[in-house]
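# Overview (structure and organization)
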Amino acid sequence: MTQENVRFDTILHGGTVVDPATGRHGKFDIGVTDGRIAAVGPDLSSGAASQKIDVSGKIVTAGLIDTHAHVYQHVTGKFGLNPDLVGVRSGVTTLVDQGGPSCMTLGGFKHFLANKADSRTLCYISCYLVGGMEGHLYPDLHGPSGINVDHTVRVARANRDIVRGIKGHAEIGGASRWGLDVLKLAKEIARQSELPLYIHLGQMWPSVEEGDVPDADELIRALVPLMDPGDVLAHPFTRHPGGFVSMETGEVHPVVFEALDRGVLVDVGHGSHFSFEMAKRVLDAGVRPFTLGADLHGYNVRIPAEGLDADERESNPFAGAAPFSLSIAMTELLALGLSLDEVIATVTMNPAKLLHMEDEIGSLAVGKVADVSVMELVSGRFKLSDNSGVDVVTDTLVTPRFCLREGRMFESDSPLIPPPFYV
Ligand SMILES: [Zn+2]
């Protein structure tokens, strides 16, 4: 393809394009004009461009999409991170906040965060009136009396531009208080809003010893039949009780396979409860994640010392947790044996489908928005740690270098990207 007559704003030259949506995996140049992908070809270097960037030796993908972010900064207390530190400055062009804003606080999310961030910032709206305040610190705020179906449906419907789903939790601390009532209300919100329901798995709140308390295995068996095709189960690899692996048998619940056969989707939702051992068991059983949310929040990133007082350092279960990022989560999936194309699909093509935005993002096809991520697969010996004490040594570290968000360049200079841990 010759491009003599075309003038580009930017040409990314000499990189290896990995674009599962178009099936491209090889050396291609990308030409960007007016915030859109204008051309993809083996060599566009003869074309005129305001800037030509040499990306040889690097991987070029559609802009990364993090399906599980917590970026309702200031309003969700220490929980909510700065959107652009998680987003464009970490090589991630689209963020989906999971349950930070609620029907009562979405206005602030939109006005103060989403409209101002350089990262495309969307959300799954919380099923709870209080949303994700302080990371759901007080369980009593999250019972059935803390939910208003009509109000949440109304706000979700009126804000389709930003609200892409409904967030709720299935975990035994809540179930010990309210059984499945909260989940049924969350499902009702999702049904009436005609949006997918995203369910957190794995214990979050301490249980209360009252009444007829389901155990973790009973809970997932009761939950999964409520899920419809397109709904999402998150945290399949959790080390906490209540994930995909049965506490009784140590194997993946049969009910999970039935759900996946029906079209229920799986988001990794890495977080601080990601476990290599659980991940191996779930992957070996044939479960494949559809999307890979990082689930970074203020309690599980390396919090600057001034962010925690002495008491909090003592009491915060995440203080000193192994640092991670979306690129570390990608590195881990590679280390667990997924192919590069499969891993890239979980952060580009698949989440674009989940968001019903595949016409705009998630691919480097000509005409799409010029959201592009450029990464390097750095070779060496690197230690990866989960928070159950398991270390894995891998030889490939996914390292973001920069991204284009609608054609505009952002270096990957976020302090949230952990430095490589060489061994
Ligand atoms: Zn989360």
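An account of the accompanying structure is given in this report. All residue numbers here refer to positions counted from 1 along the written sequence of the relevant chain. Residue-level local features of this predicted model are given only where pLDDT is at least 70; pairs of side-chain atoms are given and counted only at 80 or more, and the full residue set underlies all totals for whole chains, interfaces and linings.

## Quick notes on the pairing of strand 1 (residues 7-13)
Any residue whose C-beta has 12 or fewer other C-beta atoms within 10 Å is treated as exposed, any with 20 or more as buried, and any in between as partly exposed, C-beta atoms being built from the backbone. Every helix listed is a DSSP run of H or I at least four residues long, and every strand listed is a run of E at least two residues long, numbered separately from the N terminus. When you tally the buried positions in strand 1, you get five out of seven residues, the bulk of the element. Note: two strands are recorded as paired if DSSP finds a minimum of 2 bridges between them. Inspection of the sheet shows strand 1 paired to strand 6 (residues 48-54) by six bridges, in the parallel sense. Its bridge partner being in strand 6, H13 is matched across the sheet by D54. Summarising the sheet, strand 1 and strand 4 (residues 29-33) pair through three bridges and their orientation is antiparallel. Among the inter-strand pairings, T10 is bridged to a residue of strand 4, identified as V32.

## Remarks on the environment of S102
With respect to the helices and strands, S102 occurs in the loop between strand 9 (92-98) and helix 2 (106-114). Residue S102 is classed as buried on the basis of its C-beta count, with 27 C-beta atoms lying within 10 Å. For the pair formed by S102 and V182, sequence separation is 80 residues and the distance between their alpha carbons is 15 Å. Every residue in contact with S102, bar those within four places of it in the chain, is listed here: I125, S126, Y128, L129, V130 and G131. This entry defines residue contacts through backbone-placed C-beta atoms, with two residues in contact when those atoms are within 7 Å.

## Describing the pairing of strand 17 (residues 408-411)
Sheet topology note: the strand 16 (residues 391-405)/strand 17 ladder contains four bridges and is antiparallel. Across the sheet, residue C403 finds its bridge partner in strand 17, namely F410. The antiparallel hairpin formed by strand 16 and strand 17 contains two residues in its connecting segment, where E406 sits at a positive phi of about 50°.

## Comments concerning the nonpolar core
Nonpolar cores are identified as sets of buried Ala, Val, Leu, Ile, Met, Phe, Trp, Tyr and Cys residues joined via C-beta atoms within 7 Å. Core analysis: the biggest nonpolar cluster contains 115 residues, and I30, I166 and V372 have the highest contact counts within it. Where each domain starts and ends follows an automatic or database-derived domain assignment. Mapped onto the domain boundaries, this core takes at least three residues apiece from domain 1 (7-61 + 364-411) and domain 2 (63-354). Dropping the residues within four chain positions of it, I30 is found in contact with L12, V17, I37, V40, V60, L364 and V372.

## Notes on helix 8 (residues 276-284)
Within an α-helix, residues lying three or four positions from one another point in the same direction, as the helix has 3.6 residues per turn. Every buried residue of helix 8 is accounted for by M278, A279 and V282. Here the buried residues of helix 8 occupy an arc of 100° about the axis, which is enough to place them on one side. Directly after helix 8, the chain includes G286, whose backbone phi takes a positive value near 100°. The directions considered for the arc run from the helix axis to the C-beta atoms.

## Points about helix 2
All of the buried residues along helix 2 are L106, F109, L113 and A114. Down the axis of helix 2, the smallest arc covering the buried residues is 70°, so these residues share one side. Set apart from the buried face of helix 2 by more than 90 degrees, the exposed residues are G107 and H111. Buried residues along helix 2 sit against helix 1 (83-86), strand 10 (120-126) and helix 3 (149-158).

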